[in-house]
Amino acid sequence: MPSDTDVAIRADDLSLARHGVRVIDGITFTLDAARTLVVRGATGAGKTSLASLLAGHPDDGLTVVGGEARIHGISARRPGRARREWVFHTGYLPQGAGASLPSRFTVQDVIAEPITSRDRKVNTRALAVRVATLLDEMELPLGTAPKYPYELSAGMRQRVALARALVLEPRLFVADDLYANLDVEVRAAARAAITRRRDDRAMASLIVTNDADAPRDLDADVLVLHAGHAVGLGHGDQAVQWTPDGTPERRLSAG
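Residues numbered from 1 in each chain as written. Predicted model: local features only at pLDDT ≥ 70, side-chain atom pairs only at ≥ 80, totals over all residues. Heavy atoms only, no water.

Undergrad: Tell me about the overall build of the chain, and name the residues and values.
TA: Along the chain, the regular secondary structure elements total 8 helices and 11 strands. For 255 residues, the compact-globule estimate of 2.2 N^0.38 gives 18 Å, and the C-alpha radius of gyration of the chain, at 18 Å, lies within 12% of that figure. Once the C-alpha set of the chain is aligned to its principal axes, its extents read approximately 55 × 40 × 35 Å. Counting over 255 residues, the chain shows a buried share of 49%. Taking as baseline every contact in the chain between residues at least 6 positions apart, the subset at least 24 positions apart corresponds to 67%. Element-wise, carbon and sulfur atoms account for 48% of the exposed surface of the chain, whose accessible area totals about 12100 Å². Distance from the positive charge centre (32 side chains) to the negative charge centre (32 side chains) of the chain: 6 Å. (Helix = DSSP H or I, 4+ residues; strand = E, 2+ residues; numbered from the N terminus. Rg over C-alpha atoms; globule rule 2.2 N^0.38 Å. Buried < 20%, exposed > 50% of the residue type's maximum accessible area, 1.4 Å probe, protein only. Contact = heavy atoms within 4.5 Å. Areas by Shrake-Rupley, 256 points an atom, 1.4 Å probe, with all protein chains shown as cover. Lys, Arg positive; Asp, Glu negative; His and termini not counted. Charge placed at Lys NZ, Arg CZ, Asp CG, Glu CD.)

Undergrad: Run through helix 3 (residues 107–116), naming residues and quoting values.
TA: Inspection of helix 3 places V107, V110, I111, A112, P114 and I115 among the buried residues, and these make up the whole buried set. In this fold, the buried residues of helix 3 make contact with helix 4 (124–137) and helix 5 (154–166).

Undergrad: Describe in detail the pattern of salt bridges, supporting the description with residues and values.
TA: In total, this model carries 14 salt bridges according to the counting rule given. When the shortest N-O distance is used, the salt bridge between D211 and R187 registers 2.8 Å. Of the two residues, D211 is situated in the loop between strand 8 (204–208) and helix 7 (214–217) and R187 in helix 6 (residues 184–201); the sequence distance between them amounts to 24 residues. Note on D211: relative accessible area 12%, which makes it buried. D199 is paired through a salt bridge with R198; the nearest N and O atoms lie 3.5 Å apart. One salt-bridge network, in which partners are shared between bridges, spans E137, E169, R196, R197 and R201. (Salt bridge = Lys/Arg side-chain N within 4 Å of Asp/Glu carboxyl O.)

Undergrad: With reference to specific residues and values, describe helix 6.
TA: When the terminal C-alpha atoms of helix 6 are compared, their 26 Å separation across 18 residues agrees well with the 26 Å that a helix rising 1.5 Å per residue should span. On its buried side, helix 6 packs onto strand 3 (36–40), helix 4, helix 5, strand 7 (172–176) and strand 8. A202 sits one or two positions beyond helix 6 and adopts a positive phi of about 60°. (Expected span 1.5 Å × (residues − 1).)

Undergrad: Please provide a residue-by-residue account of unusual backbone geometry, values included.
TA: Of note in this structure, H19 is not a glycine but carries a positive phi near 50°. With respect to the helices and strands, the residue H19 is situated in the loop between strand 1 (7–18) and strand 2 (21–32). You can call H19 exposed: its relative accessible area is 60%.

Undergrad: If you had to explain the confidence of the model for the chain to someone new, which residues and values would you point to?
TA: Averaged over all residues, the pLDDT of the chain is 92; the fraction at 70 or higher stands at 91%. Here residues 248–255 is a poorly scored stretch, pLDDT under 50, and it has 19 contacts once near neighbours within four places are set aside; other chains count. (pLDDT = per-residue confidence, 0-100.)

And the structure:
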């Protein structure tokens, strides 16, 4: 099935359930190429479930039970062999990614693995240059490459995970808790990596974060979830249209 190059994600009345219990109930939105969507909401709102499904890595027991989502034009309900294409073109930074890096691999191997797992004949020199470029972009010293994840701080591991998610230059980037363990200065580098790819390569991004400044800093649309329902949608916090019973003060918090 050919990819839709203009629309990264199209969700139409999408409902998700985990082991029969609904966690997302009838949400509709479109994420175009070269656009960013920030997904916000309190704990238990369904943010992680939505992100994992759209990235092609659904949580255990998570299934589509209503409506449809198409990612790169591929059906999330019945992707079949197209799932490989879906995942290839989607960079994914799951929640807790920095803490889950394989300890037996060096940082060089961790970042390169999405490439080496698909092409064993890859040019090792070119690959080393790509990894070095990503380390520099994430403001990590080149000496980080031969180290192991357990030798790094939590913030450094999060940046390694981000570099890994971007190494294939994806069309869509999905990040759950992008700024975990990152201080203010390093957050700027993470934002720059995303906006640079958005501007240069038309990469779309879906970012799960309750960081109060993210919608403005990323010039993003905002989807607000509460108990699996969409209660707000718009561009930036000031332009969000709320449902009649939406209560942003109670349902959202920075951090």
